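# Fold and contact review
Letter by letter, the chains look like this.
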Amino acid sequence: MNFPLISVIIPTYCREEPLRDSIADILKQDYPNYEVLVVDQTPKHDPEVEAYLEELTAASKIKRFRLNWASLPGARNYAVRRAAGEIILFIDDDVQLPDGFLAAHAKNYLENPEVGAVAGRVFDRMKLGDSGGKLQIEYLPPQAMDPGIAWYYIDLVHTIKPQEVLTARGCNMSFRREIFTKYGLRFDERFRGSAVREESDFCLRLRQTGYKIWYDPDAHLVHLGEETGGCHDISMRSLKYQLTFYHNHFLMGLKNLTATQALRLYARLFDCHVLGRPPCHKSGSPIKILTRGVFYSLGFLKALGTVIQSIWNDGQIYTRIDEQVKSV
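Here's what I pulled together on the structure shown here. Numbering of residues starts from 1 in each chain and follows the order in which that chain's sequence is written. For a predicted model such as this one, the threshold for reporting local features is a pLDDT of at least 70, and the threshold for listing and counting side-chain atom pairs is 80 or more; totals across whole chains, interfaces and linings nevertheless cover every residue. Water and hydrogen atoms were dropped before computing side-chain values, which therefore reflect all heavy atoms in the structure.

### Some remarks on the overall build of the protein chain
Selection criterion: In this text, helices come from DSSP runs of H or I with a minimum length of four residues, and strands from runs of E with a minimum of two, each type numbered from the N-terminal end. Both definitions apply: the radius of gyration is a C-alpha atom measure, and the globule rule equals 2.2 Å times residues to the power 0.38. Calculation of accessible area relied on Shrake-Rupley with a 1.4 Å probe; when residues are assessed, cover is drawn exclusively from the protein chains displayed.
Within the protein chain, the secondary structure is distributed over eleven helices and nine strands. In terms of C-alpha radius of gyration, the protein chain reaches 19 Å, essentially the compact-globule figure of 20 Å for 328 residues. Taken along the three principal axes of its C-alpha coordinates, the protein chain extends 55 × 45 × 40 Å. When the accessible surface of the protein chain is totalled, it reaches about 15,100 Å², and 55% of it is carbon and sulfur.

Next up, the structure:
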């Protein structure tokens, strides 16, 4: 049987025990042909975790890259340039993996040449808790393939049947290598903060190649959703997070959507995240609505500035730094 080489990429920032457990789960996989690349943006680890990472690196069980900057899309691009796999698989640094996880991703590429990316199922503790863990969806509604409103209908937590989807979740997604080599796609490093929507932006551009993004519930993992750490340093409750949240949504729309699709996205974004209507269920306090409205407006202006600036600067700052270092 053909076992294509899988490059498992784990970007990490200020995670300790969850990172160690995530790596341990990968190393327990029975898939015979894979490599693990850890893109480590943590300034300083706990001594025990540092010793663990050094031991695995010395034993050639992982490839560890220490960086002095923190950017999730930047870390993804950095690792892709160093990955040897036919399949590039991204996971987060706070996940639990079942046996057969790597094999479940690989089989989709072997069985269907039209598949360019695999979106795995994510057992997200918070979202499963909201539903009581009892909800099951067989097939997503047609709206889940409409780029203007799909983001409010795509559910990769409760969906139980394989099917084509519009996007993957960044903590559990894989791609054919040629998406990066033949088509030259890169993650957009202008998606800031927690980089929300960076994977959606990438997947929308991937679909333009003609490849399909295939959801496979067998390629599942548990996402712990740790509140601190990750590949960024912005609290979800901070003002900076609010600004980057809206900036990233508007940037995705300005880059990828038609005018009609973009207007529908921005209307839903306002209705849900500013006014607080379902499924967001935010406070209806006039002061809070006004505050969220200000961030919504500032986020749009900032995203518009980002797009205008792209005329002379594509924003791939970390990729450029890396290329300069490699050329020295």
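### As for the environment of E86
This is how it is decided: Any two residues whose heavy atoms approach within 4.5 Å are treated as being in contact.
Considering the arrangement of structural elements, one finds E86 in the loop between α3 (72-80) and β4 (87-91). With 82 residues separating them along the chain, E86 and P4 place their C-alpha atoms 6.0 Å apart. Not counting the four nearest positions on each side in its chain, E86 is found in contact with P4, L5, F175, R176 and R177.

### Concerning the packing of helix α8 (residues 239-256) against helix α9 (residues 259-274)
To be explicit about the condition: To define axes, lines are fitted to C-alpha atoms, for helices over the stretch in contact only, and angles between the resulting N-to-C directions are given on a 0 to 180 degree scale. Working definition: roughly parallel below 35 degrees, roughly antiparallel above 145 degrees, roughly perpendicular at 65 to 115 degrees, and oblique for all remaining angles. Here a crossing is taken to be left-handed if its near helix is turned anticlockwise relative to the far helix by less than a right angle, and right-handed if that turn runs clockwise. As a working rule, the residues Ala, Val, Leu, Ile, Met, Phe, Trp, Tyr, Cys and Pro are called nonpolar, Asp, Glu, Lys and Arg charged, and the rest polar, with Gly in that last group.
Between α8 and α9, the shortest axis-to-axis distance is 9 Å and the interhelical angle comes to 160°. Relative to α9, α8 is oriented roughly antiparallel. Relative to α9, α8 is oriented so that their crossing is right-handed. Facing α8, whose interface residues are F245, Y246, H249, F250, M252, G253 and L254, α9 presents A262, L265, Y266, L269, H273 and V274. Residues belonging to the contact of α8 with α9 are distributed by class as follows: ten nonpolar, three polar and no charged.

### Some remarks on α3
The criterion, for reference: With a 1.4 Å probe rolled over the protein chains alone, any residue whose accessible area is under 20% of its type maximum counts as buried; one over 50% counts as exposed, and the rest are partly exposed. For the purposes of these results, a polar contact is taken to be a pair of N or O atoms within 3.5 Å, where, inside protein, one atom must be able to donate a hydrogen and its partner to accept one; residues adjacent in sequence count only when each atom of the pair is a side-chain atom.
Burial within α3 is extensive, with nine of its nine residues counted as buried. Where α3 is concerned, the buried positions are L72, P73, G74, A75, R76, N77, Y78, A79 and V80. The N-capping residue of α3, defined by a side-chain oxygen 3.0 Å from the backbone nitrogen of G74, is S71.

### Examining the side chain of D322
Summarising the element assignment, D322 is placed in helix α11 (residues 317-327). Using a relative accessible area of 5% as the deciding quantity, one classes D322 as buried. Ignoring any residue separated from it by four or fewer positions in sequence, one finds D322 in contact with Y78, R81 and R82.

### With respect to the nonpolar core
What counts here: Only buried residues count toward a nonpolar core. Its members are Ala, Val, Leu, Ile, Met, Phe, Trp, Tyr and Cys residues joined through side-chain atoms within 4.5 Å.
Formed by 59 residues in total, the largest nonpolar core has its most connected members in F90, F175, F180 and L206. Not counting the four nearest positions on each side in its chain, F90 is found in contact with I9, R76, V80, G170, C171, N172, M173, F175, F180 and F187. Counting residues in each nonpolar core, the second largest holds 28 residues, with I6, Y31, I87 and F101 among its members.

### Details of the side chain of R121
For clarity, the threshold we go by: Charge counting follows a simple rule: Lys and Arg are positive, Asp and Glu are negative, and His as well as the terminal groups are ignored. A pairing counts as a salt bridge when a side-chain nitrogen of Lys or Arg comes within 4 Å of a carboxyl oxygen of Asp or Glu.
Looking at the secondary structure, you find R121 in strand β6 (residues 115-124). No salt bridge is formed by the buried R121, whose closest oppositely charged neighbour, D155, lies at an N-O distance of 7.2 Å. Setting aside its immediate chain neighbours within four residues, R121 contacts L156, V157, H158, T159, I160, N172, Y215, D216, P217, A219, H220 and L221.

### Quick notes on the packing of aromatic side chains
Inclusion rule: Whether two aromatic rings pair depends on their centres lying within 6.5 Å, for rings of Phe, Tyr and Trp, where Trp uses its six-membered ring; planes under 30 degrees apart make the pair stacked, over 60 edge-to-face, and the rest tilted.
Applying the stated criterion across every chain yields a total of 21 aromatic pairs. When the centroid spacing of 4.2 Å and the interplanar angle of 15° are considered together, the rings of F187 and F202 count as stacked. On the criterion of sequence distance, the pair formed by F187 in the loop between α6 (178-181) and α7 (198-207) and F202 in helix α7 is long-range, its members being 15 residues apart. The exposure class assigned to F187 is buried, which follows from its relative accessible area of 0%. With 6.3 Å between their ring centres and 70° between their planes, Y266 and F300 make a pair best called edge-to-face.

### Description of α8
The following threshold applies: One fewer than the residue count of a helix, multiplied by 1.5 Å, yields its expected span.
Here α8 contains 18 residues, and its C-alpha end-to-end distance of 26 Å stays within 8% of the 26 Å for a straight helix at 1.5 Å per residue. Among all positions in α8, only Y241, T244, F245, Y246, H247, N248, H249, F250, L251, M252, G253 and N256 are buried. The inward-facing, buried residues of α8 abut α7, α9 and α10 (286-309).

### Some points on the pattern of salt bridges
Under the counting rule described, the total for this entry stands at 25 salt bridges. The closest approach of N and O atoms between D40 and R64, which form a salt bridge, is 3.0 Å. Of this pair, D40 sits in strand β2 (residues 34-40) while R64 is found in strand β3 (residues 63-66), placing the two residues 24 residues apart along the sequence. For the pair D40 and R64, one class covers both residues: buried.

### Considering the state of the cysteines
This is how the line gets drawn: By definition, disulfides here are pairs of cysteine sulfur atoms that lie within 2.5 Å.
Counted under the stated rule, the structure contains one disulfide. In this model C272 forms its disulfide with C280; the gap between the sulfur atoms is 1.8 Å. Every disulfide takes its handedness from the sign of the S-S torsion; for C272 and C280 that torsion is 95°, giving right-handed. No disulfide involves C203; its nearest neighbouring cysteine sulfur is the one of C171, lying 12 Å away.

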